[in-house]
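Spelled out from the first residue to the last, the chains are:
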Amino acid sequence: MATVRFLNLSVLGLSTLSVLGLTLLTALAQSPTAPKMLTGTYFPEDGDFKTLKTLDYDFAVVALRLDDVSSWKRTLDAAQSAGMRLMLGASPPPYEQHGATWTITTSGKAFLSYLQTRADVVIAVYVFNEPYSSNPYAGGDIPCGFFSAGDLRALRSIIQGFWPGAKIYQDLGGPSQWAPGGSYTASHPCVGDKYADQTGVADYVGIWAYPFTINGYDRNGALSFLRREASFILNSMEPAQPISLNQAYACASCAPGLVFPTTEQMLDWNCATRSLPFAAVNWYPWRKFSSYTQALADSRLYWPLTTAEACAPGMGAGAIGLSAASGIPFVAASSLVSIYGANFASSTSAAQSQPLPTSIGGVTLQVRDTTGTTQKAPLVFISPSQINFVMPAGISPGQVALTLTNGMNSPVDGTALVRSVAPALFTADGKGTGVPAATGARVGSNQQQSPVPVFHCDGTVCTSVPIDLSANGSVYLTLYGTGIRNHTGAVTCSIKRVSVPVLYADAQGQYEGLDQVNIGPLADLSGSGEVDLVLSVDGQSSNPVRVNFK
């Protein structure tokens, strides 16, 4: 890409400089021979797969509608494009039981046939949710057990007879409790010996213990339960492998009242479960549904705490790196990063010169990357609750460890997800949403420029200003962001899904960590109203921002 900036748009206008300055200051162990423990999540949308892959997740559990055939290809294509694999179920279940005999419905056969053609994307067929304790068709708890282990073993045989090589996933919760002598069977004698032999029921079995309740964090009790269940599956449910469904939601109506963990608890639970003999850790769920009031998709601060890399030495939950522009937990070398917390500094202060200092008021921030390289980060701003800094230029991509020292308290450990690029656009209100902190210019046939307002702020409320594209001359916009400059391929821009030429996308040149993108001329957008503008940088999308056209 050419490095020549368009006209004079590389110089920040006074109004934008004021807004942008405010934004930068205030918004800114397993055995070596063991198979890799996978990381996954439940029920994302198709558009989430790229985010999950950026988090280094391996797979997702997805339920497809049996009557929406077009969605099958759409979902699998989206996963494959992102490099994700899937455990796939169908709703309603396409399996019918008649006495001791199972049949697969016509639509079920079409579903399984299609999955077989996409076996490179499919890890397993997700068959039932809690089929021991509930009716997967009508819902409701069945105290004496619904499907027996023999029923599920026969179903697995039928599915694998239709699709040889298919793997079966059943979410069972606590299968040892249903075995003879188990705690549930002891309190419900009517269960009998339905679950005396649980071999061959599945290839993967989901188990769960949700330790975050209104009564506190029951770490020891939950880990004891998971150890017992994992051992039971490995020893008594061959060929099944256990998968831990890790709690990532809040549900006040779920007895005894399930709450979202703190960041410290989330990291601790992530690493504690990874010490157990699981095939995978599966965060449940990604998006809210039913009575759940919080989930991972809406809790971005927690994302870096759910990965396998978060359990490496030196990582912590006290300082999570977020893009200073968008608040999303993906950053890049030479990008502007913010961390939030408490007792970071004794006072508020900002860097007064460039190059930026690596110490302000006794505060320093050290970054250690996956190669073991350690560097001090250039600091933009410090306060008791927030630090803004520039991720050092030489930091390698991967999950890095952060260590904040201030001379007052013990060092604060944290982490950040560093990617090659992490495109993010600053917005006028500093929140990463709404109208961009951008300048506009109209260029006439005589090459004379006149300013075009993009936004207006009344106090802390910023709104878009409609841009008139019908007047004489061509309109260009200059956007300000971060995490863009390291791109190796083309940078593209779309507004209302209309492609707009990108004339420049690189370092802004005046402020460390700040990137600039010049786009235009704008065309085919008159009368659009307020619409989304999104950058794509090496296949990674920026936060969408809103621009307005008369």
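Scroll up to find the structure.
What you see as residue numbers is a count from 1 along each chain, following the sequence as written. Given that the model is predicted, a residue must reach a pLDDT of at least 70 before its local features are reported, and side-chain atom pairs must reach 80 or more before they are shown or counted; all residues, however, enter totals for whole chains, interfaces and linings. Note that water and hydrogens are dropped before the side-chain values are worked out from all heavy atoms of the structure.

> Just give me the short version of the overall build of the protein, but keep the residues and values in it.
Helix numbers and strand numbers start at the N terminus; a helix is a DSSP run of H or I with at least 4 residues, a strand a run of E with at least 2. Of regular secondary structure, the protein possesses eight helices and 37 strands. Here the C-alpha radius of gyration of the protein, 27 Å, is about what a compact globule of 550 residues would show, namely 24 Å. On the principal axes, the C-alpha backbone points of the protein span a range of 85 × 55 × 40 Å. Each residue is assigned to one of three classes by its accessible area relative to the maximum for its type, calculated with a 1.4 Å probe on protein chains only: buried under 20%, partly exposed between the two thresholds, exposed over 50%. Of all 550 residues assigned to the protein, the portion counted as buried reaches 52%. In this description, accessible areas are obtained by the Shrake-Rupley approach with a 1.4 Å probe, and a residue is regarded as covered only by the protein chains that are shown. When the accessible area of the protein is evaluated, it comes to approximately 22,200 Å², of which 52% is carbon and sulfur surface. Only four residue types enter the charge count, namely Lys and Arg as positive and Asp and Glu as negative; His and the chain termini do not. Charged side chains are reduced to one point each, which is NZ for Lys, CZ for Arg, CG for Asp and CD for Glu. Each charge class in the protein can be summarised by its mean position, and for the 31 positive and 36 negative side chains these summaries are 3 Å apart. Radius of gyration: over C-alpha atoms. The globule rule applied is 2.2 Å multiplied by the number of residues raised to the 0.38 power.

> Go over the packing of aromatic side chains with me, naming the residues and quoting the values.
Classification of ring pairs uses Phe, Tyr and Trp, with its six-membered ring standing for Trp, and accepts pairs whose centres are within 6.5 Å; under 30 degrees between planes counts as stacked, over 60 as edge-to-face, and the remaining range as tilted. If you walk through the whole model with that rule in mind, you get 34 aromatic pairs. Where Tyr 57 meets Trp 286, the ring centres are 6.3 Å apart and the plane angle is 75°; that geometry is what we call edge-to-face. Note that Tyr 57 is positioned in the loop between helix H2 (49-54) and strand S2 (59-65) and Trp 286 in the loop between strand S13 (280-284) and strand S14 (294-295), a separation of 229 residues in sequence. Each member of the pair Tyr 57 and Trp 286 is classed as buried. Ring pairs connect the aromatic residues Tyr 42, Phe 43, Tyr 126, Tyr 169, Trp 208, Tyr 210, Tyr 249, Tyr 284, Phe 289 and Tyr 292, which therefore count as one cluster.

> Would you mind going over the environment of Val 380 in detail, with residue names and values included?
In this fold, Val 380 is placed in strand S21 (residues 379-382). Judged by its relative accessible area of 12%, Val 380 is buried. Between the alpha carbons of Val 380 and Ala 350 there is a distance of 5.8 Å; along the sequence they are 30 residues apart.

> Lay out the sheet that holds strand S16 (residues 331-332) with the relevant residues and their values.
Here, any two strands with at least 2 DSSP bridges between them count as paired. In space, the five strands of this open sheet follow the order S16-S24-S23-S19-S20, with mixed pairing throughout. Edge positions in the sheet fall to S16 and strand S20 (374-376), since each has one partner strand and no second. Relative to strand S24 (residues 412-419), S16 runs parallel, the two being bridged by two bridges. Bridging from a neighbouring strand, Ala 332 pairs with Arg 419 of S24.

> I'd like a description of the state of the cysteines, backed by residues and values.
The disulfide criterion used throughout: a pair of cysteine sulfur atoms within 2.5 Å. Using the criterion set out here, one finds four disulfides in the structure. Linked covalently through their sulfurs, Cys 271 and Cys 311 form a disulfide whose S-S length is 2.2 Å. Between Cys 271 and Cys 311, the disulfide has an S-S torsion of -100° and is therefore left-handed. Placement of the pair is Cys 271 in helix H8 (residues 263-273) and Cys 311 in the loop between S14 and strand S15 (322-323), with a sequence separation of 40 residues. For Cys 271, a relative accessible area of 23% corresponds to the partly exposed category. According to the relative accessible area criterion, Cys 311 is partly exposed, its value standing at 29%. Paired through a disulfide, Cys 457 and Cys 462 show a sulfur-sulfur distance of 2.0 Å. Judged by the sign of its S-S torsion, about 105°, the bond between Cys 457 and Cys 462 is right-handed. Judged by relative accessible area, Cys 457 falls into the partly exposed class, the value being 25%.

> An account of the sheet that holds strand S1 (residues 38-42) is needed here, citing residue identities and associated values.
Whether parallel or antiparallel, the strands of a sheet pair through hydrogen bonds between backbone atoms. The strand order S1-S2-S3-S6-S7-S8-S11-S13 describes a closed barrel built from eight strands, whose pairing is parallel. Between one strand and the next, the sheet's axes are offset by a mean angle of 30°, whatever the strand orientation. Here strand S11 (residues 241-247) pairs with S13 via five bridges, running parallel. Paired with Ser 244 across the two strands is Val 281, which belongs to S13. In this fold helix H3 (residues 69-82) packs onto S2, strand S3 (85-91) and strand S6 (122-129), with an angle of close to 170° to the strand it touches most, S2. Two residues form a contact once any of their heavy atoms are found within 4.5 Å. Each axis is a line fitted through C-alpha atoms, and for a helix only the stretch in contact is used; angles between axes span 0 to 180 degrees, taken between their N-to-C directions. Contacts from H8 reach S11 and S13 within the one sheet, and its direction differs from that of S11 by about 175°.

> Hey, could you go over helix H5 (residues 149-162) for me, with residue numbers and the actual values?
Every helix has an expected span of 1.5 Å times one less than the residues it contains. Taking 1.5 Å of rise per residue, 14 residues should cover 20 Å, and H5 covers 20 Å from first to last C-alpha, within 8% of that figure. Of all the residues in H5, the buried ones are Ala 149, Asp 151, Leu 152, Leu 155, Arg 156 and Ile 159. Here the buried residues of H5 occupy an arc of 155° about the axis, which is enough to place them on one side. The secondary structure elements touched by the buried residues of H5 are strand S4 (95-98), strand S5 (101-104), helix H4 (106-117), S6 and strand S7 (168-173). This arc corresponds to the set of directions leading from the helix axis out to the C-beta atoms.

> I'd love a proper account of the pairing of strand S35 (residues 529-537), names of residues and values included.
Examined bridge by bridge, strand S31 (residues 491-495) and S35 share five bridges and lie antiparallel to one another. Each residue of the ladder has a partner; that of Ile 495, found in S35, is Leu 533. Pairing geometry for S35 and strand S37 (residues 545-549), over five bridges, is antiparallel. The partner of Leu 533 across the bridge, within S37, is Val 545. In this sheet, strand S36 (residues 540-541) lies alongside S35 in antiparallel orientation, the contact comprising two bridges. By the bridge assignment, Val 537 is partnered in S36 with Gln 540. The turn joining S35 and S36, which pair antiparallel and follow one another in sequence, is formed by two residues; a positive phi near 50° is taken by Asp 538.

> If you had to explain the pairing of strand S19 (residues 364-368) to someone new, which residues and values would you point to?
Where S19 meets strand S23 (residues 398-405), five bridges bridge the pair, whose relative direction is antiparallel. Looking at S23, one finds that Leu 365 is bridged to Leu 404. With three bridges joining them, S19 and S20 adopt antiparallel strand pairing. Looking at S20, one finds that Val 367 is bridged to Gln 375.

On their own, these measurements won't tell you what the molecule is for.
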